[in-house]
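# Survey of secondary and tertiary structure
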Amino acid sequence: MSEEELIDLGFTDLENAQFKKKFYKWIFLDSCRLFPVSLNEFCKIFGVEGKKGSYNSNWNNITLFDDEVELSKFIEYSLQDSISLLNAIIKARNVYLEIYQVDITRVVSTPSLSLLIYRKKFQPVNIPILKRKLDNQIRDSYFGGSSDYYKLHGTNLKYYDVNSLYPYAMLNDMPLNFIGEFSGSHFKLDEIFGFVDCIVESPKNIKEPLLIARHEGKIIHPNGKWRGVYFSEEIKQIISFGYKVEINKIYQFSRAKLFVDYVDHFYEKKKNSVGAERFIAKLHLNTLYGMFGCKLDMLKTIPIRPDELIEKLSIYPIKSIIDINEKLKILLTYQNLDYKLIKKLNIDLSLRLIPPITSIVKSNVAIASAITSYARIEMMKYKSLPDIDIYYSDTDSIFVNKNLPENMVGKELGQMKDELGGGVIKEAYFFGIKKYGYLDDKDKTKTIFSGIPRNSISWNEIIDLSKGISINKTIPDQFFKYLNKLQINIKHKNVLVEFKPDKKLVDNNYIPLFLKDTSTNNFNGTFKYLYNKIKKFMNKIF
């Protein structure tokens, strides 16, 4: 269940309604949103009795209710399951209250719990909430991690991963107070701290592009020339690698160290603690920064009668329509949208969408963008090492053909760690972002494919994929919810895995995409998405 799917139900006790009314409020929270581990692991961490048995997949069938014996076993399992979860939650709540003086029942996710701890114990100064206009201007600079693939096949490779990359990035200066918007000629490069709207040109024929960009709804590492918005420190870094930059606008900020105490505390706890305290430290080291990048747009659920649909379609920007029954539909609508965007949709689609009701979202995308930029800057030094070929890079890891310099490898925050403990990868194939498999020096196959359980693809299947042969995988026991039937079905899911890279492959090397687009976005991406979404509903209904 996501934060948007939080269930908040109210019940009125109508007994003796003439004399009294009681209103009960029940809130259903998903414990996995707070502690993303299995129940057994959760109980083990906090030292309470866990599950006594395993779940029987035969209980997935509705015929369970016709079998008294199995139904009794299911009820017993469910009760014990619930009691274990309750005891673990109570223990966890007490630990958090004792150490950090925060109540885990006040929040609905790990990131929101991290933010609560940060504000309670570690926040050194007031952090402003950005206005909608400024958020729009610099949100395009918030990309997230940098993942790319460079070669299809490799042998005798090394695999490294950064120790806590994002916490390491959080130790840097962060943008704090907005100073103003200026033209590109207003400051010298070393005087800029904030965000720049600029035209970037890569060095010619660079094999491993370093700067990330948006293109046709995807995040890529291109060659060529394009326009984008970037954190100033990332621009300074790529200039040192031969990129040319023409700055159009500067969004200047003051700077401050915001997270040093927070990171130092949890990193030391991670290194020197065991059990629940170490688990808590690992959990909160990596989950705080994302809260600052929350979008200002929101979703609202509206129940309607079928005969109200046409009217509602003309006044609400609709994300989806769910048919519950012949008397009820549920609309999921966008809220808190930019006023100019709403105005343009009204003109282009002849609608009368309601002007947005502004709700405060406690986020600051400037900080989130800066953190992810610092992380990408850190990875650049590994991608640009001389005499070392890079085959694949993920947000905080790389596959290369040689050992990294000794000074780069270690156990400290921000250093690389050897994921194979001195071993090598005998053979590997890289098919795209988060699509790869390798054979280690113990002849064990390791695979990562988004949407597929880890290590569930065999080495023979990896070889088939490299030859262009598609494979079918079955993922068992997937949950499918049907709101119109108020049902959740558990069934197998079939997935087709194909080798279809976004880049051209030449002699084992993937060729970066070439861009030549210096136009500005001006929320065209969001507008185009909403325009097509609303148009689709209109064509279906009228």
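Residues numbered from 1 in each chain as written. Predicted model: local features only at pLDDT ≥ 70, side-chain atom pairs only at ≥ 80, totals over all residues. Heavy atoms only, no water.

## Brief notes about the overall build of the protein chain
Stated precisely, the cut-off is as follows: Starting at the N terminus, helices and strands are each numbered in turn, a helix being any DSSP run of H or I of at least four residues and a strand any DSSP run of E of at least two. The reference for a compact globule is 2.2 Å times residues^0.38; the radius of gyration itself is calculated from the C-alpha atoms. When accessible area is computed with a 1.4 Å probe and restricted to protein chains, residues below 20% of their type maximum are described as buried, those above 50% as exposed, and intermediate ones as partly exposed. It only takes one pair of heavy atoms within 4.5 Å for two residues to be counted as in contact. Surface accessibility in these figures is a Shrake-Rupley result with a 1.4 Å probe; residues are shielded only by whichever protein chains are displayed. Residues scored as positive are Lys and Arg, those scored as negative are Asp and Glu, and His as well as the terminal groups of each chain are ignored. Think of each charge as sitting on NZ of Lys, CZ of Arg, CG of Asp or CD of Glu.
Secondary structure assignment for the protein chain yields 14 helices and 24 strands. Its C-alpha radius of gyration of 26 Å places the protein chain within 12% of the 24 Å reference for a compact globule of 542 residues. Overall, the protein chain is about 80 × 60 × 55 Å in size when its C-alpha atoms are taken along their principal axes. Buried residues in the protein chain amount to 43% of all 542 residues. Sequence-distant contacts, at least 24 apart, represent 68% of the contacts inside the protein chain between residues at least 6 apart. When the accessible surface of the protein chain is totalled, it reaches about 29,800 Å², and 51% of it is carbon and sulfur. A distance of 4 Å separates the average location of the 78 positive side-chain charges in the protein chain from that of its 64 negative side-chain charges.

## Focus on the environment of Asn460
Relative to the assigned elements, Asn460 resides in helix 13 (residues 459–466). A relative accessible area of 59% places Asn460 in the exposed class. For the pair Asn460 and Leu385, spaced 75 residues apart in sequence, the C-alpha to C-alpha distance is 33 Å.

## Quick look at the sheet that holds strand 12 (residues 318–325)
Stated precisely, the cut-off is as follows: Should DSSP find at least two bridges between two strands, the strands are taken to pair. Here an angle of 0 to 180 degrees is reported between the N-to-C directions of two axes, which are lines fitted to C-alpha atoms, with helices fitted over the stretch in contact.
The antiparallel open sheet is built from 3 strands, whose spatial order is 11-13-12. The sheet is open, and its two borders are formed by strand 11 (298–304) and strand 12, each paired with just one other strand. Put simply, the sheet's adjacent strands are angled 20° from each other on average, direction ignored. The sheet contact formed by strand 11 and strand 13 (residues 328–335) spans 7 bridges and is antiparallel. Within strand 13, the residue paired with Thr301 across the bridge is Leu332.

## With respect to the confidence of the model for the protein chain
Our working rule: The quantity known as pLDDT measures the predictor's confidence residue by residue, on a range of 0 to 100.
Considering every residue of the protein chain, the mean pLDDT works out to 88; 93% of them sit at 70 or more. Taken together, the stretch residues 11–15 has pLDDT below 50 and engages in 11 contacts with residues farther than four places along the chain or on a different chain.

## Some details on the packing of aromatic side chains
Short version of the rule: Pairing of aromatic side chains requires ring centres within 6.5 Å, counting the rings of Phe and Tyr and the six-membered ring of Trp. Pairs whose planes differ by under 30 degrees are stacked, by over 60 edge-to-face, and all others tilted. Counting as a charge over the ring demands two things of the Lys NZ or Arg CZ atom: a distance within 6 Å of the ring centre and an angle within 35 degrees of the ring normal.
Taken as a whole and assessed by the stated rule, the structure comprises 42 aromatic pairs. Both rings, one in Tyr149 and one in Tyr510, keep their centres 4.6 Å apart while their planes meet at 75°; by these two values the pair is edge-to-face. Placement of Tyr149 in strand 3 (residues 148–149) and of Tyr510 in strand 23 (residues 509–511) is noted, with a sequence separation of 361 residues between them. Residues Tyr149 and Tyr510 agree in their burial class; the two are buried. Of note, Lys151 hangs over the ring of Tyr391, and the distance from its end group to the ring centre comes to 5.8 Å.

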